[in-house]
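Coordinate inspection notes
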Amino acid sequence: MHVPDGFIDAPTSAVTGVVAAGAVAVSLRGARKELDERTAPLAGLVAAFIFAVQMLNFPVAAGTSGHLLGGALAAILVGPYTGVLCVSVVLLMQGILFADGGLTALGVNITDMAVVTTVVAYAVFRGLVKALPRGRRTVTAASFVAALLSVPAAAGAFTLLYAIGGTTDVSIGKVAGAMVGVHVLIGIGEAAITALTVGAVIAVRPDLVYGARGLQAPLKLRVGGELVDVAPEAPVVRTSRRGLWIGGLAASLLLAGVVSFYASANPDGLEKVAADKGLDTQVEEHAIADSPLADYGVKDVENARLSGGLAGVIGVSATVVAGTGVFWAVRRRRTESV
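Now for a look at the structure at hand. (Residues numbered from 1 in each chain as written. Predicted model: local features only at pLDDT ≥ 70, side-chain atom pairs only at ≥ 80, totals over all residues. Heavy atoms only, no water.)

**A word on the overall build of the protein chain**
Heads up, the condition is: Comment: elements are numbered from the N terminus, with helices defined as DSSP H or I runs of at least four residues and strands as E runs of at least two. A radius of gyration in this sense is built from C-alpha atoms; the matching globule rule multiplies 2.2 Å by the number of residues raised to 0.38. The contact criterion used is simple: two residues touch if any of their non-hydrogen atoms lie within 4.5 Å. In this description, accessible areas are obtained by the Shrake-Rupley approach with a 1.4 Å probe, and a residue is regarded as covered only by the protein chains that are shown. Positive residues here are Lys and Arg, negative ones are Asp and Glu, while His and the chain termini are left out of the count. Lys charges are placed at NZ, Arg charges at CZ, Asp charges at CG and Glu charges at CD.
For the protein chain, the count of helices and strands is ten helices and four strands. Shown N-terminal to C-terminal, the secondary structure of the protein chain runs as helices and strands in the order α-α-β-β-α-α-α-α-α-β-β-α-α-α. Its C-alpha atoms give the protein chain a radius of gyration of 21 Å, within 12% of the compact-globule value 20 Å for 338 residues. Taken over the C-alpha atoms alone, the protein chain extends approximately 75 × 45 × 40 Å along its principal axes. Considering only intrachain contacts with a sequence separation of at least 6, the fraction spanning at least 24 residues in the protein chain is 81%. Roughly 15,300 Å² of accessible area belongs to the protein chain as shown, and the carbon and sulfur atoms make up 64% of that amount. For the protein chain, the distance from the average site of its 25 positive side-chain charges to the average site of its 24 negative ones is 16 Å.

**As for the environment of G71**
Within the secondary structure, G71 sits in helix 3 (residues 71-78). Distance from G71 to T324, taken between C-alpha atoms, is 18 Å for residues 253 residues apart in sequence. Residues contacting G71, with those up to four places away along its chain left out, are V87, T117, T118 and E190.

**Some points on helix 4 (residues 80-97)**
Definition in use: Here the expected span of a helix is defined as 1.5 Å times the quantity of residues minus one. Buried, partly exposed and exposed residues are distinguished by accessible area as a fraction of the type maximum, computed with a 1.4 Å probe on protein chains only: under 20%, between the cut-offs, and over 50%, respectively.
Look at helix 4: 26 Å from first C-alpha to last across 18 residues, which is about the 26 Å you get at 1.5 Å a residue. Of all 18 residues that make up helix 4, 14 are buried, and the element is covered over most of its length. Following helix 4 by one or two positions, A99 has its phi on the positive side, about 55°.

**Quick look at empty space enclosed by the protein**
For clarity, the threshold we go by: Method remark: on a 1 Å grid restricted to protein atoms, a set of points is classed as a cavity if a 1.4 Å probe fits but cannot get out and as a pocket if it is open with protein on both sides within 12 Å along at least five of seven lines; lining residues have an atom within 4 Å of a point. Grid points are joined across faces, edges and corners, and a volume is the space filled by probe spheres set on the points. Any residue outside Ala, Val, Leu, Ile, Met, Phe, Trp, Tyr, Cys, Pro, Asp, Glu, Lys and Arg is labelled polar, Gly included; the first ten of those are nonpolar and the last four are charged.
Counted by the stated rule, this structure contains one cavity of 30 Å³ or more. For the largest cavity, the calculated volume is near 50 Å³. Every residue along the wall of the largest cavity is listed here: M1, G66, H67, L69, V151, H183, I186, D268 and G269. When its residues are assigned to classes, the lining of the largest cavity shows four nonpolar, four polar and one charged.

**Overview of the packing of aromatic side chains**
Each pair of aromatic rings is reported with the distance of its centres and the angle of its planes. Let me state the cut-off plainly: Stacked, tilted and edge-to-face pairs are distinguished by plane angle, under 30 degrees for stacked and over 60 for edge-to-face with tilted covering the rest, among Phe, Tyr and Trp rings (Trp via its six-membered ring) whose centres lie within 6.5 Å. We call a charge positioned over a ring when the NZ of a Lys or the CZ of an Arg lies within 6 Å of the ring centre and within 35 degrees of the ring normal.
Applying the stated criterion across every chain, the model contains six aromatic pairs. For the pair F51 and F98, a centre-to-centre distance of 5.5 Å together with 45° between the ring planes defines the contact as tilted. Within this pair, whereas F51 is found in helix 2 (residues 39-54), its partner F98 is found in the loop between helix 4 and helix 5 (106-131), the two being separated by 47 residues in sequence. When its relative accessible area of 0% is taken as the criterion, F98 is described as buried. Pairing F98 with Y296 gives two aromatic rings, centres 4.8 Å apart and planes at 10°, and the pair type is stacked. In this pair, F98 is assigned in the loop between helix 4 and helix 5 and Y296 in the loop between helix 9 (269-277) and helix 10 (304-337), connecting sequence segments 198 residues apart. Put simply, the rings of F51, F98 and Y296 pair up and form one aromatic cluster. The lysine or arginine in question, R305, covers the ring of F261, its NZ or CZ lying 4.1 Å from the ring centre.

**Considerations on the environment of F125**
When you line up the elements, F125 lands in helix 5. When its relative accessible area of 0% is taken as the criterion, F125 is described as buried. Sequence-wise, F125 and F144 are 19 residues apart; in three dimensions their C-alpha atoms are separated by 8.8 Å. If near-sequence neighbours (up to four positions away) are discounted, F125 is found in contact with I76, V139, A142, S143, A146 and G211.

**Some points on unusual backbone geometry**
For A99, which is not a glycine, the phi torsion comes out positive at approximately 55°. Position of A99 relative to the elements: it lies in the loop between helix 4 and helix 5. Taking relative accessible area as the criterion, A99 reaches 15% and is therefore assigned buried. The residue Y296 is not glycine, and still its phi comes out positive at about 60°.

**Side note on the layout of surface pockets**
Any space left empty among the atoms is revealed by the rolling of a water-sized probe across them. Size it by volume and the largest pocket reaches roughly 930 Å³. Lining the largest pocket are 33 residues, and of these D100, D268, E271, D295 and Y296 sit closest to its centre. Those elements that provide at least two residues to the lining of the largest pocket are helix 9 and helix 10. For the lining of the largest pocket, the element with the most residues is helix 10, which contributes four residues. In terms of residue class, the lining of the largest pocket is made up of 15 nonpolar, twelve polar and six charged.

Printed below as a string of structure tokens:
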């Protein structure tokens, strides 16, 4: 759902740029409360993992593909404020390194893909977790539903932005129907990836999953006729933080460097709708379309498999370095302010 330059007019793009900058500023402050010495490295890894999985377009229907947006996954694993920052880092890396998503449309993409998906997903997730019985299965099930709903919500947000500042004369009803319809299907893939990933992390390090915090009711004992809280048992830990980080990074590199070659070549939901409905008649060439990594390939590397694999590895590496740097800086600000 990366919006290119030319889909949305300049005034609307400027306003969404201000909205996105404000959301990032608020998230930087909010992330100080979410990040500590344990979770800051995980947040950088989450950003890199989202980058990698976004390279894996999966077929949906009628010649259309979809890919992970990642807002739900990031919010549940590391917190909603940090989640907005994770997806924003990914979008920035994609825009400036790989010419994916317009530079003038960066505010549109952050608002739509980082802010809307994260806010909607986390609100749904928290509501379900509070309403359902406590437990790990509840977290996984709530992750599935939250991710599923976040994708058509983002499609609806794009439709609203198009209604305000679209550069083509296409019926808003046609755009809404096509966008929401196809992204409901894409949302199923998003939900499956999110639930599987959250479930896998909970299985080995439940203490590191932000959305799973506080789910265990405190044990109480009756002492002298009064109920007294008992310190909860430490969660079962099956792997170290270093082991989780190394394993997650290795998986991200494998997905981006090898598995991405087998991803669907069909246009994604927005590209398909744009081509079918004529939204792309005013699209502009990306400002760095001739960059060495444009379109997820390494310039002058003739072998397509090697070119795409190297680009994926470079993207994951750059994202994990940038993301980890941002989150360690946020954590240091938290430490200094205490």
